[in-house]
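# Descriptive analysis of the structure
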Amino acid sequence: MNRPNGTSPSLWLEGHRAPVPDEIDAAGLPVEGVLPPELTGRYFRNGPNPLPGTPSAHWFTGPGMVHGVRLRDGRAEWYRNRWVRTTKFTDGARFVRPDGTFDHAAVPANTHVVPHAGRILALVETGLPYELTPELDTVGPCDFGGLLKGGMTAHPKEDPVTGELLFFGYGLVPPYLTYHRLSAGGRLVESREVEVPGPTMMHDFAVTAGHVVWLDLPVVFDMALARGGGGMPFRWDDAYGARLGVMPRAGGPVRWFDVDPCYVFHVGNAYEDAAGRVVVDGVRYRPADFTAFWPSIGGQADPSAATVANAPVRAAATGSSRLHRWTLDPASGTAKEEPLDDRPVEFPTHDDARTGHAHRYLYTAAADAIVKHDLRSGSSAALELGPDLVPGEAVFVAAEGARAEDEGWLLSIVTDRAGQGSELLVLDAADLSRTASVRLPRRVPAGFHGSWIPDPAS
């Protein structure tokens, strides 16, 4: 299959990203090393997995499949994988109904899977979350008692102090951006419209103890692409501009800060420093890098990429993102930007107990390594896996009673680049040493995001 623009094969359907054809169960998985007994729970990871014979036109649009590994008392009890049975998957329901209204349950639910208030939710930013059981059966769409009327970001943030889940939804028609807040018990207690100029692909956001940070960046919805069907109807638009917005969580206007043009899929963390400035760390694509990367996964190519004026800039593109910091100063109204590391990386993670608060460490996935960034010293360390292995997002799990920020483990599904096999790698987060490896019974396609879901306290 070729991409819609016919320029090259669909790389998201080959090798380590290639979908698997079915659902399986396996028990008693082989373990190398020693699994920490306190890792008792489930590691779930979501990602797109088109059905056999129905390839997707974009990596982001295939139906969601969650892969799960059950760990208990030092054993790897089972692996299983299940498609999320949304109405789009089971009935072919269409997101846009014949009358032009939106069916927010007709989505792939393919981007993340998170626990909150006793629910396990499979997420995609365009629609409603889908509740799953601990055995990966699909319960159904969740609209929080009918109160959620639109989409829910795949990157909600749980406040480690209050237990609230903060999230947003973006729309293709007004309201373009809506902020939501779930109580620690799972009730939708606040929904607030945020004014932005138009519909953009706002994939992530950040929170601090007192603020929400919006990423209003120049990847915009294009109706002409939507009418064409098949792929993602978003493209780069130089004219839109780039800015970050700081909004008080307690209510109040958004303070906007212009930044250098870029795109950010994923934020690492954010916090307020001692001077009252808002510090945001994330992985940043320069314009040239985004417009080089986007067509490689099925997106519309940037029509300006071939122009003579842009040729020197485009030639320098790598298609990769790098760790970056923005410091937003409400007192002066200025934004300071600085690179944090020059290695191409994605999928930044941190100790969730520090969400919205000052952090020292971030963990990222490189092409063939898992990287630990020490933001206090400005140094980084990496576990180099070799050119034949591709790591997924590394999820941090704190050790029981941890006193140091990096006292715990990193969980990452690592897949052979040729698509031949996968393992769940367990690393000591302090030094990236291998603690254990669980050999999985099948290849797990490279996907997106996952969560460690510990067993409830007895």
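Just so it is clear, the structure is predicted and the values come from calculations on it, not from any experiment.

The rules we used
Residues numbered from 1 in each chain as written. Predicted model: local features only at pLDDT ≥ 70, side-chain atom pairs only at ≥ 80, totals over all residues. Heavy atoms only, no water. Pairing = 2+ DSSP bridges. Helix = DSSP H or I, 4+ residues; strand = E, 2+ residues; numbered from the N terminus. Axes fitted to C-alpha atoms, helices over the stretch in contact; angles between N-to-C directions. Core = buried A, V, L, I, M, F, W, Y, C linked by side-chain atoms within 4.5 Å. Buried < 20%, exposed > 50% of the residue type's maximum accessible area, 1.4 Å probe, protein only. Contact = heavy atoms within 4.5 Å.

### What about the sheet that holds strand S9 (residues 138–141)?
Taken in spatial order, the 4 strands of this open sheet run S6-S7-S8-S9, and their pairing is antiparallel. Lying at the two open borders of the sheet, with one neighbouring strand each, are strand S6 (112–116) and S9. Each neighbouring strand pair of the sheet contributes to a mean axis angle of 30 degrees, computed without reference to strand direction. Sheet topology note: the S6/strand S7 (residues 119–123) ladder contains 5 bridges and is antiparallel. Bridge pairing in S7 links His112 to Leu123.

### Re the sheet that holds strand S23 (residues 334–339)
Ordered in space as S20-S21-S22-S23, the 4 strands form an open sheet in which the pairing is antiparallel. Both edges of this open sheet fall to strand S20 (263–272) and S23, since each of them pairs with a single strand only. Between one strand and the next, the sheet's axes are offset by a mean angle of 25 degrees, whatever the strand orientation. Sheet analysis places S20 next to strand S21 (residues 278–285), joined by 7 bridges and oriented antiparallel. Bridge pairing links Ala270 to Val280 in S21.

### Concerning the nonpolar core
Counting 50 residues, the largest nonpolar core has Met201, Trp214, Phe265, Val280, Trp294 and Leu328 as the members making the most contacts within it. In terms of residues, this core owes the most to one element, S20, which gives 5 residues. Non-local contacts of Phe265, meaning those with residues more than four positions away in its chain, are made with Phe60, Met201, His203, Asp204, Val283, Tyr285, Phe290, Phe293, Trp294 and Glu346.

### Looking at the pairing of strand S32 (residues 434–439)
The pairing of strand S2 (residues 31–33) with S32 spans 3 bridges and is antiparallel. Each residue of the ladder has a partner; that of Gly33, found in S32, is Ala436. Across 5 bridges, the pairing between strand S31 (residues 422–428) and S32 is antiparallel. Across the sheet, residue Leu427 finds its bridge partner in S32, namely Arg434. The hairpin turn running from S31 into S32, its antiparallel successor, is 5 residues long, and Leu432 in that turn takes a positive phi close to 65 degrees.

Just geometry here; none of it tells us what the structure is for.
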